[in-house]
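Coordinate inspection notes
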Amino acid sequence: MYFDQSSYEIKLDWGRRGARAAAERGDIVIIVDVLSFSSTVVTAVQHKANIYPYPPPINETAKAYAKELGAEMVWGRSEAIRVGGHSLSPLSFSSADYARDFVLCSLNGAACTWIAAQVPALLVGCLLNASAVADTANRLKLEMDVNITVIPCGEKWSDVMEGEDELRPGIEDYLGAGLILSRLAGTKSPEAEVCIGAVKSSGHRIRDLIWESASGRELRERGYEDDVTYSCQADISYAVPMLQENRFVNAGDPV
């Protein structure tokens, strides 16, 4: 196939379709959704919470799944203000969540995770844990003798007309993916190389670029400036969420 980047060990592909293609190849997958699925999951796992991803939307089926697990729902930010509890804001998680169970739905990160759940290893990465997730992926690649695909999830347009693509590529995910890709070992596809180039070109302006990006502006205008500031920090976490038995555990912790 022209589009599968199959001759390279390290690949980059977008969104749900990219997650499906990576799963069909049997690659290790790194899900990157900087604002906010990945940053939220990394933070929750860092605080030893148990996160069960579930495809959107939050409906009666999702709530029943949470009830079956004895878990709490992670709400959208505005909904959490109304009903209380945790939200897709990474700052809603803390050390008080040790060993607590949560079900997390999201349009992008959780959806891509669900699609690729059966891959040899599924990791969650972002700026917060870029080096740690790359180190873990490099180790698993050698142990499993498989390739790696990094999936920047992007966003979904809310006003798509018939015949239009609903995926909105997000530069925050592209830059997060590029930082991770730059630390992965192996032959890299042109798509991966260009993504790395975007990070190198951005240099110390990554935070400013994400702050002023469409996704950054959206969150800031809704009152979540702190989420953007927090999620733009690079390499402040050693947590590496890895999907095991339908929940994310820290790949550095004993199972």
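The following paragraphs examine the structure supplied in this document. Residue positions are given per chain, counted from 1 along the sequence in the order it is written. Predicted model: local features are reported for residues with pLDDT of at least 70 only, side-chain atom pairs are reported and counted for 80 or more only, and whole-chain, interface and lining totals are derived from all residues. No hydrogens and no water enter the side-chain calculation; it runs on all heavy atoms of the structure.

1. A short note on the overall build of the chain
Counting secondary structure elements, the chain contains 11 helices and 11 strands. We compute the radius of gyration over the C-alpha atoms and compare it with the globule rule, which gives 2.2 Å times the number of residues raised to the power 0.38. At 17 Å, the chain has a C-alpha radius of gyration in line with the 18 Å of a compact globule built from 255 residues. Its C-alpha atoms give the chain principal-axis dimensions of roughly 50 × 40 × 40 Å. Of the contacts formed within the chain by residues at least 6 apart in sequence, a portion of 74% connects residues at least 24 apart. Working definition of accessibility: Shrake-Rupley area with a 1.4 Å probe, residue cover restricted to the visible protein chains. Within the structure as shown, the chain displays about 11,900 Å² of accessible surface, and the carbon and sulfur contribution to it stands at 51%. The helix count covers DSSP runs of H or I at least four residues long, the strand count covers runs of E at least two residues long, and both are numbered beginning at the N terminus. Between two residues, a contact is recorded if the distance between any of their heavy atoms is within 4.5 Å.

2. Some points on unusual backbone geometry
Between P56 and P57 the backbone carries a cis peptide bond, its omega angle lying at 0°. Within the element layout of this structure, P57 appears in the loop between β3 (50-54) and α3 (60-69). Of note, the phi angle at K48 is positive, near 70°, even though the residue is not glycine. The residue K48 is located in the loop between α2 (37-46) and β3 in this model. For K48, a relative accessible area of 36% puts it in the partly exposed group. Even without glycine at this site, E245 takes up a positive phi of about 50°. Mapped onto the fold, E245 is located in the loop between β10 (241-244) and β11 (247-250). Three exposure classes are used, based on accessible area relative to the maximum for each residue type with a 1.4 Å probe and protein chains only: buried under 20%, partly exposed in between, and exposed over 50%. Using a relative accessible area of 74% as the deciding quantity, one classes E245 as exposed.

3. Looking at the pairing of β11
Here, any two strands with at least 2 DSSP bridges between them count as paired. Both β10 and β11 contribute to a ladder of four bridges, which runs antiparallel. Looking across to β11, one finds that L243 is bridged to F248.

4. A few points about the packing of aromatic side chains
Classification of ring pairs rests on two measures: the distance between centres of Phe, Tyr or Trp rings, Trp counted by its six-membered ring, which must be within 6.5 Å, and the angle between planes, read as stacked under 30 degrees, edge-to-face over 60 and tilted in between. The tally for this structure, following the rule as stated, stands at five aromatic pairs. A centroid spacing of 6.0 Å and a plane angle of 10° characterise the contact between W14 and Y174, whose relative ring orientation is stacked. Separated by 160 residues along the polypeptide, W14 in the loop between β1 (10-12) and α1 (15-25) and Y174 in helix α7 (residues 171-181) bring together distant segments of the chain. Residue classification places W14 among the partly exposed positions, given a relative accessible area of 21%. An angle of 65° between the planes, with centres 5.2 Å apart, marks the rings of Y54 and W114 as edge-to-face. Of this pair, Y54 sits in strand β3 while W114 sits in helix α5 (residues 109-115), and the two are 60 residues apart along the sequence. Judged by its relative accessible area of 43%, W114 is partly exposed. Three or more aromatic residues joined by ring pairs make a cluster, and in this case those are Y54, Y65 and W114. The residue whose ring lies beneath R168 is W157, and the NZ or CZ to ring-centre distance is 5.7 Å. Definition used: whenever NZ (Lys) or CZ (Arg) falls within 6 Å of the ring centre and also within 35 degrees of the ring normal, the charge is taken to sit over that ring.

5. Quick word on the layout of surface pockets
With a 1 Å grid laid over protein atoms only, a set of points is called a cavity when a 1.4 Å probe fits there but cannot get out and a pocket when it is open yet has protein on both sides within 12 Å along at least five of seven lines; lining residues have an atom within 4 Å of a point. Grid points are joined across faces, edges and corners, and a volume is the space filled by probe spheres set on the points. The space that makes up the largest pocket amounts to roughly 640 Å³. Taken together, 26 residues line the largest pocket, and the ones lying closest to its centre are L88, L107, N108, E155 and R222. When residues of the lining of the largest pocket are traced back to their parent elements, those giving at least two are α4 (77-83), β8 (155-156) and α10 (214-221). It is α10 that contributes the most residues to the lining of the largest pocket, three residues altogether. In this classification, Asp, Glu, Lys and Arg are treated as charged, Ala, Val, Leu, Ile, Met, Phe, Trp, Tyr, Cys and Pro as nonpolar, and every other residue, Gly included, as polar. For the lining of the largest pocket, a count of residues per class yields 10 nonpolar, seven polar and nine charged.

6. Focus: the nonpolar core
Considering soluble globular proteins, one finds that nonpolar side chains tend to be buried as a cluster. Counting residues in each nonpolar core, the largest one holds 69 residues, and the members touching the most others are I30, L181, L184 and F248. Broken down by element, this core gets its largest block of residues, six residues, from helix α6 (residues 130-144). Filtering out sequence-adjacent residues up to four positions away, L181 remains in contact with I10, K11, L12, V150, K188, A192, C195 and I196. For the purposes of this section, nonpolar cores are sets of buried Ala, Val, Leu, Ile, Met, Phe, Trp, Tyr and Cys residues that join through side-chain atoms within 4.5 Å. With 11 residues, the next largest nonpolar core counts A62, A66, A71 and W75 among its residues.

7. Description of the pattern of salt bridges
For salt bridges, the criterion is a side-chain nitrogen of Lys or Arg within 4 Å of an Asp or Glu carboxyl oxygen. Taken as a whole, this structure holds 13 salt bridges when the rule is applied. Across the pair D227 and R77 runs a salt bridge whose closest N-O atoms are separated by 2.8 Å. With a gap of 150 residues between them, D227 in helix α11 (residues 225-231) and R77 in helix α4 connect regions that are remote in the sequence. R77 matches D227 in its accessibility class, with the two residues each being buried. Note that R139 and E143 form a salt bridge whose closest N and O atoms lie 3.4 Å from each other. Within this pair, R139 and its partner E143 are both found in helix α6, separated by four residues, close to a single helical turn. In the salt-bridge network here, residues are joined through shared partners; they are K11, R25 and D27.

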